[in-house]
Amino acid sequence: MNQTSQPKLWLAQQANRFAPALFFIGLVLLWELICRVGKVPNYILPSPSAIITAFFNVEFSRWMIHLWATLRVALMGFVLSIMIAIPLSIGMMRSQLMNRILYPALIVIQSTPVVAVAPLIIVLLGTDDPSRVLITCLITFFPLVVSTTTGMLETPPEMIELSQSLRAPRYRETWQIRIPYAIPHIFSGLRVSITLAIIGAVVAEFVAAEEGLGYFIQFSTSFFKIPQAFAGLIFLSVISLLLFKSVQWIQAWFFPWSLPKKK
Amino acid sequence: MDQAKNSAYVSMKGVGHQYAPQAPLVVKDIDLDIHRHEFVAVVGPSGCGKSTLLRMVSGLLIPSQGEVSVFNRPVTEPRDDVGIVFQKANLLPWLTVRKNVLFPLKHKYGSYSAADEKRANELLEMAGLTQFADKMPDELSGGMQQRVGIIRALLLNPDILLMDEPFSALDALTREQIGFDLLKIWREHPKTVLFITHSISEAVLLSDRILVMSKRPGTVLDLIEVDLPRPRSSKTINSPRFAELTDLIRGYIYEPDVPA
Ligand SMILES: Nc1ncnc2c1ncn2[C@@H]1O[C@H](COP(=O)(O)OP(=O)(O)O)[C@@H](O)[C@H]1O
Ligand SMILES: [Mg+2]
């Protein structure tokens, strides 16, 4: 009985392990099949093979130029957003007054659709990187402020009592207790923010740009190069996914203790 | 010497506390003198204000009535010679065990010396945790974590050790063992200990005197001298006097309105 069940078990395990990949491959094949059998025209839904062909028809160096433009803006916006959000959260945690003044302002900023404000920002700051970075920053920083503040406020009171019983300065309570305690929260904010950063950069490119993956998609669409637009879209998604993964890797590498415990 | 031993070291006079001006008193009329290097346990129903009392001795909380003083000086803020052991070990999960032990120095002064590190290693050795020094707290058992909590409180060599239900999260066997370990430390490095517990037998086993508190608002029901010989061991538990004392306290806890 054992002899027959073990290979079966192994097969089941492997199938389970590769299930997401198999599902994905199946989906792509189905897509290809529908396009071919149904003779769906490329400008409505290009087949995977048409998209791949379109991808390789664009020179590698052009891809890199567009990628770099988007990545540059997304990462600058992301970093700027971290540099604003963390001190802002600390300030709001430490000072009731600051909290009362800034919290409504943050809510107003967050409820304003950045897409609608983007053209105004470009009019104000010009069509170069600064306005694109600002747009990205506006989209990304709210989740960071919320997660950082939440984490710091959730610090267990006993840890704060430990600090107070030592009569340590407040800034050490912040830096040696509250901030480290907030790390898991901060990283969940960062994971949301990094994908929003790509969205922010693309929105900015839609409004005004001569390069970037968002611009590339828009430009390809307007010339009815739909397979090429899809290729750009998929490339963009892959980059976004890689950035998301990078945030997870950074957390696992530098703050392994902050990961949820495996059971 | 004798005079120093008999004089009050930690002294509470008419101590009462309410958390807000209109709120009811949580503890009331507490009078207690603790001698230097005495081990005093506090028992009482949950919510009767034991932790509140400990916070007032630690200087984290200023009583709204009466006064707490240490060596005739009123306590107005946390003192350097007080170490606190918290209920759950309260370790910082982002620091290794050794860094957790050194944390009070790092946190208070911003840095520590090689000599401090040596002291931390000695404390780790004493607690039998040398090979766990570079592990993270969550890799340790509950009992080991609480040992770290205790030696962290000992790092600054406090004269007063305040412990708030320090072993309540541990299983019975670990709990008994760590209790005896604590007594050993206390014998080798005498300290004034205020030990809160909800275990009556633990209080009898460890302490010189037991403060029995009434339910909220917590007042002093009795102050019981524990005249069991030291050093105490698991044999102590079998002595008739031990049973008498635990019965006496149990009487207070379960029938607080009928004086024994
Ligand atoms: N920070 C606080 N603010 C308001 N009430 C509190 C606070 N801490 C404790 N209390 C109240 O005081 C009472 C005594 O609490 P505590 O001293 O923790 O009791 P114990 O440690 O004996 O269980 C409880 O009713 C509790 O709700
Ligand atoms: Mg308590």
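Since the model is a prediction, treat every value here as computed from it, not as a measurement.

What counts, and at which threshold
- Residues numbered from 1 in each chain as written.
- Chains lettered and ligands numbered in written order.
- Predicted model: local features only at pLDDT ≥ 70, side-chain atom pairs only at ≥ 80, totals over all residues.
- Heavy atoms only, no water.
- UniProt positions renumbered as here; feature names shortened; annotations may be inferred.
- Helix = DSSP H or I, 4+ residues; strand = E, 2+ residues; numbered from the N terminus.
- Pairing = 2+ DSSP bridges.
- Axes fitted to C-alpha atoms, helices over the stretch in contact; angles between N-to-C directions.
- Parallel < 35°, antiparallel > 145°, perpendicular 65-115°, else oblique.
- Contact = heavy atoms within 4.5 Å.
- Nonpolar A, V, L, I, M, F, W, Y, C, P; charged D, E, K, R; others polar.
- Buried < 20%, exposed > 50% of the residue type's maximum accessible area, 1.4 Å probe, protein only.
- Buried area = accessible area lost by both parts, 1.4 Å probe.
- Salt bridge = Lys/Arg side-chain N within 4 Å of Asp/Glu carboxyl O.
- Polar contact = N/O pair within 3.5 Å; in protein donor to acceptor, adjacent residues only side chain to side chain.
- Patch = residues over 30% accessible without salt bridge, like charges linked within 9 Å, V, L, I, M, F, W, Y side chains within 5 Å.
- Areas by Shrake-Rupley, 256 points an atom, 1.4 Å probe, with all protein chains shown as cover.
- Core = buried A, V, L, I, M, F, W, Y, C linked by side-chain atoms within 4.5 Å.
- Near = heavy atom within 4 Å.

1. As for the UniProt feature "domain: ABC transporter" (unreviewed entry) in chain B
In the UniProt entry, the feature "domain: ABC transporter" (unreviewed entry) is given for residues 10–240 of chain B. Structurally, residues 10–240 of chain B is divided into 32% helix and 24% strand, and its ends, taken at the C-alpha atoms, are 31 Å apart.

2. With respect to the UniProt feature "transmembrane region" (unreviewed entry) in chain A
All names here are of chain A. Those places that UniProt annotates as "transmembrane region" (unreviewed entry) correspond, in this numbering, to residues 21–45, 65–90, 102–127, 133–153, 188–209 and 229–255. The straight-line gap between the two end C-alpha atoms of residues 21–45 is 23 Å; of that span, 68% is helix and 0% is strand. The annotated region residues 133–153 carries 100% helix and 0% strand content, and the separation between its end C-alpha atoms amounts to 30 Å.

3. Topic: the sheet that holds strand E10 (residues 220–225) of chain B
All names here are of chain B. Ordered by their spatial adjacency, six strands build an open sheet running E6-E7-E8-E3-E9-E10, and the pairing between neighbours is mixed. Looking at which strands have only one partner, the edges of the open sheet turn out to be strand E6 (82–85) and E10. Strand after strand, the sheet turns through a mean of 15° between neighbouring axes, direction not considered. The pairing of strand E9 (residues 209–213) with E10 spans five bridges and is classified as antiparallel. Bridge pairing in E10 places Ile-210 opposite Ile-224.

4. Description of the pairing of strand E4 (residues 65–70) of chain B
Residues and elements named next belong to chain B. Where E4 lies against strand E5 (residues 73–74), two bridges are found, and the strand directions are antiparallel. Bridge pairing in E5 links Val-70 to Arg-73. Adjacent in sequence and paired antiparallel, E4 and E5 are bridged by two residues, among which Phe-71 carries a positive phi angle near 50°.

5. Some points on the packing of helix H4 (residues 60–94) of chain A against helix H10 (residues 213–222) of chain A
All names here are of chain A. For the pair H4 and H10, interaxial distance at closest approach is 7 Å and the crossing angle is 125°. The orientation of H4 relative to H10 falls into the category oblique. In contact with Arg-62, Trp-63, His-66, Leu-67 and Thr-70 of H4, H10 contributes Leu-213, Gly-214, Tyr-215, Phe-216 and Phe-219. Partitioned by chemical class, the residues of the contact of H4 with H10 number six nonpolar, three polar and one charged.

6. Section: unusual backbone geometry
Both trends apply: most residues other than glycine have a negative phi, and most peptide bonds are in trans. Residues and elements named next belong to chain B. For the bond from Arg-216 to Pro-217, the omega torsion is -5°, close enough to zero to count as cis. Cis geometry marks the peptide bond from Arg-230 to Pro-231; its omega dihedral reads -5°. Its location among the elements puts Pro-231 in the loop between E10 and helix H8 (240–254). In the Ramachandran plot, Asn-90 falls in the positive-phi region, its phi being about 60° despite a non-glycine side chain. Counting through the fold element by element, Asn-90 comes out in the loop between E6 and helix H3 (97–109). Owing to a relative accessible area of 8%, Asn-90 belongs among the buried residues under this scheme.

7. Thoughts on the interface of chain A and chain B
Each partner contributes residues to the interface: chain A has 19 residues there, and chain B has 24 residues. For the pairing of chain A and chain B, the buried interface totals around 2000 Å² over both sides, and the portion due to carbon and sulfur atoms is 63%. Here chain A and chain B share three salt bridges between them. Here chain A and chain B share ten residue pairs in polar contact (both at pLDDT 80 or more) between them. Here the side of chain A that touches chain B takes seven residues from helix H8 (residues 157–165) of chain A, the largest share from any one element.

8. Things to note about a nonpolar patch on the surface
Together, Phe23(A), Leu27(A), Leu30(A), Leu33(A), Ile34(A) and Val37(A) make up a nonpolar patch on the protein surface, roughly 630 Å² of accessible area in all. Among the secondary structure elements, Ile34(A) is positioned in helix H2 (residues 19–37).

9. Concerning the nonpolar core
Residues and elements named next belong to chain B. Formed by 82 residues in total, the largest nonpolar core has its most connected members in Met-12 and Met-213. Ignoring any residue separated from it by four or fewer positions in sequence, one finds Met-12 in contact with Ile-30, Asp-31, Leu-32, Asp-33, Ile-34, Leu-53, Val-57, Glu-67 and Val-68. Judged by nonpolar contacts, the second largest core, of 50 residues, contains Leu-129, Ala-153, Leu-154 and Ile-200.

10. Quick look at the pattern of salt bridges
All names here are of chain A. Enumeration over the complete set of coordinates arrives at 22 salt bridges over all chains. Two residues, Glu-32 and Arg-36, come together in a salt bridge whose shortest N-O distance is 2.7 Å. One end of the pair is Glu-32 and the other is Arg-36, both in helix H2 and four residues apart, which spans about a single turn. One salt bridge in this structure joins Arg-72 and Glu-211, with 3.9 Å as the shortest N-O distance. Of this pair, Arg-72 sits in helix H4 while Glu-211 sits in the loop between helix H9 (170–207) and H10, placing them 139 residues apart in sequence. Judged by its relative accessible area of 31%, Glu-211 falls in the partly exposed class. Each of the salt bridges in this network shares a partner with another, and the network as a whole consists of Arg-72, Asp-129, Arg-132 and Glu-211.

11. Things to note about the side chain of His17(B)
Residue and element names in this part refer to chain B. Within the secondary structure, His-17 sits in strand E1 (residues 8–17). A residue is classified by how much of its surface remains accessible, and His-17, at 5% relative accessible area, is buried. Those residues in contact with His-17, other than ones at most four positions away along the chain, are Pro-24, Leu-25, Val-26, Val-27, Thr-52, Met-56, Leu-61, Ile-62, Pro-63 and Ser-64.

12. Comments concerning the site of ligand 1
Residue and element names in this part refer to chain B. Neighbouring residues of ligand 1: Tyr-19, Val-26, Ser-46, Gly-47, Cys-48, Gly-49, Lys-50, Ser-51, Thr-52, Arg-55 and Arg-216. Within the contact set of ligand 1, an oxygen atom lies 3.3 Å away from a backbone nitrogen or oxygen of Cys-48. Protein contacts shield 61% of the accessible area of ligand 1, which totals 560 Å² for the unbound molecule. Split into classes, the residues belonging to the shell around ligand 1 amount to three nonpolar, five polar and three charged.

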